[in-house]
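In case you want the letters, here they are:
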Amino acid sequence: MTTSERLVESTRELLWERGFTGTSPKAILQRAGVGQGSMYHHFAGKSDLALAAIRRTAEVMRATADTALSGEGGACDRVRAYLLRERDVLRGCPVGRLTMDPDVIADPALRQPVFETLDWLRGRIAAILREGCERGEFDAELDPEETAAAVVATVQGGYVLARAAESPAPFDTAVRGVLSLLTARTTGPGPVA
């Protein structure tokens, strides 16, 4: 791993753990195991490095979600695979958590990859649900856009509930709930996992 990659990976982890405000350049350098000159050689400063880290986190999240959403089966199966994929629920979503960081939200450059990633996820799920509607998998009343927004909101809200309870149980309950609602809209039998 190159020095710049170590800096980006260290920043990604620290942003997930502490947020932007709680992530100092000193902590980044210590985690990466590099000297101060290395950071400023590769990046203009903390914000520039944070932007690179947020973009990388967004890429990883998209790839992970896309893998689950691109699996076998119909639309409901693919959304189910996304909802039930393995997660570190108590750590929360590395992208979603950034929405609660006032410094990230106040900075348009830092906020942009966060918004784009969550918007991409909602759009990707909506496209899958739309395909399912076109194939007759869901009843005619299912709105792909609204349902996709509910799926994303359930996952993000599930993380919040789990962290507050210090237990993954609220996340699991929320996921089962949205799966029950989605399955109820299918035109055929479909067990909820």
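Reading guide: rules and limits
- Each chain carries its own residue numbering, running from 1 in the direction its sequence is written.
- Per-residue local features are limited, in this predicted model, to residues with pLDDT of at least 70; the limit for side-chain atom pairs, both in listing and counting, is 80 or more; totals at the level of whole chains, interfaces and linings are taken over all residues.
- To obtain the side-chain values, all non-hydrogen atoms of the structure were included, while hydrogens and water were left out.
- To qualify as a helix, a DSSP run of H or I must reach at least 4 residues; to qualify as a strand, a run of E must reach at least 2; elements of each kind are numbered from the N terminus.
- Only protein chains enter the calculation, and the probe is 1.4 Å; a residue is then buried if its accessible area is under 20% of its type maximum, exposed if over 50%, and partly exposed in between.
- By definition in these notes, contact holds between two residues if any of their heavy atoms fall within 4.5 Å.
- UniProt positions are given in the numbering used here, feature names are shortened, and annotations may be inferred rather than shown by experiment.
- Centres within 6.5 Å are what make two rings of Phe, Tyr or Trp a pair, Trp counting through its six-membered ring; a difference in plane orientation under 30 degrees is then read as stacked, over 60 as edge-to-face, and the rest as tilted.
- Note on criteria: charge over ring means Lys NZ or Arg CZ within 6 Å of the ring centre, with the direction from the centre no more than 35 degrees off the ring normal.
- One less than the residue count of a helix, multiplied by 1.5 Å, gives the span that helix is expected to have.
- Pairs of N or O atoms are called polar contacts if they sit within 3.5 Å, as long as, within protein, a hydrogen donor faces a hydrogen acceptor (for residues adjacent in sequence, only side-chain-to-side-chain pairs).
- Fitting a line to C-alpha atoms yields each axis, with helices limited to the stretch in contact; the angle taken between N-to-C directions then spans 0 to 180 degrees.
- Any angle between 65 and 115 degrees counts as roughly perpendicular, while under 35 counts as roughly parallel, over 145 as roughly antiparallel, and the rest as oblique.

Trainee: Which parts of the structure should I look at to understand the environment of I54?
Mentor: Mapping I54 onto the fold places it in helix 4 (residues 46-69). Exposure remark for I54: the relative accessible area of 3% places this residue in the buried category. Once the C-alpha coordinates of I54 and T2 are considered, the two residues, 52 residues apart in sequence, prove to be 18 Å apart. Apart from the residues lying within four places of it in its own chain, the contact partners of I54 are L15, L98, L110, P113 and V114.

Trainee: Explanation requested: the UniProt feature "DNA-binding region" (unreviewed entry) in the protein in the structure shown.
Mentor: Here the UniProt feature "DNA-binding region" (unreviewed entry) sits at residues 24-43. The span residues 24-43 is 75% helix and 0% strand, and its two end C-alpha atoms sit 14 Å from each other.

Trainee: Would you take a moment to explain the packing of aromatic side chains for this structure?
Mentor: How two aromatic rings sit relative to each other is set out by the distance from centre to centre and by the angle between their planes. Tallied over the full model, the rule gives one aromatic pair. Relative to F171, the ring of Y159 has its centre 5.1 Å away and its plane inclined at 40 degrees; by these criteria the two rings are tilted. Of this pair, Y159 sits in helix 8 (residues 144-165) while F171 is found in helix 9 (residues 169-184), placing the two residues 12 residues apart along the sequence. Taken individually, Y159 and F171 each receive the classification buried, so the pair is uniform in this respect. Of note, R87 hangs over the ring of Y82, and the distance from its end group to the ring centre comes to 4.8 Å. Over the face of the ring belonging to W16 we find R91, whose NZ or CZ atom lies 3.6 Å from the ring centre.

Trainee: Could you clarify how one ought to interpret the UniProt feature "domain: HTH tetR-type" (unreviewed entry) in the protein in this entry?
Mentor: Residues annotated in UniProt with the feature "domain: HTH tetR-type" (unreviewed entry) correspond here to residues 1-61. For residues 1-61, the end-to-end C-alpha separation is 20 Å, with 77% helix and 0% strand making up the annotated structure.

Trainee: What's the story with the side chain of T117 in this structure? I'm lost.
Mentor: You can see T117 is positioned in helix 7 (residues 108-134). Not counting chain neighbours up to four residues away, the residues in contact with T117 comprise A58, M61, R62 and V95.

Trainee: Is there a simple way to explain helix 7 in this structure?
Mentor: In an α-helix, one turn spans 3.6 residues, which is why side chains three or four residues apart end up on the same side. The terminal C-alpha atoms of helix 7, which comprises 27 residues, lie 37 Å apart, in line with the 39 Å expected from a rise of 1.5 Å per residue. Listing the buried residues of helix 7 in full gives L110, P113, V114, T117, L118, L121, R124, I125, A126, I128, L129 and G132. The residue sitting at the N-terminus of helix 7 and contributing the capping side-chain oxygen is D107; that oxygen lies 2.9 Å from the backbone nitrogen of A109. Looking one or two residues beyond helix 7, the residue adopting positive phi is G136, at roughly 80 degrees.

Trainee: Would you take a moment to explain unusual backbone geometry for this structure?
Mentor: Negative phi values dominate among residues other than glycine, just as trans dominates among peptide bonds. In this structure, E166 takes a positive phi of about 55 degrees despite not being glycine. Mapping E166 onto the fold places it in the loop between helix 8 and helix 9.

Trainee: Got a minute to help me understand the environment of L14 in this structure?
Mentor: Topologically, L14 is positioned in helix 1 (residues 3-18). Look at L14 and you get buried, because its relative accessible area is 1%. On a C-alpha basis, the gap between L14 and A53 in space is 9.7 Å, while along the polypeptide they are 39 residues apart.

Trainee: What is the right way to read the packing of helix 5 (residues 75-84) against helix 9 from this model?
Mentor: To characterise two packed helices, one gives the angle between the axes of the helices and the distance between these axes. Interaxial distance between helix 5 and helix 9 falls to 10 Å at its minimum, and their mutual angle equals 175 degrees. By the angle between their axes, helix 5 is roughly antiparallel relative to helix 9. Along its contact with helix 5, which presents C76, V79, R80, L83 and L84, the element helix 9 presents F171, V175, V178, L179, L182 and T183.

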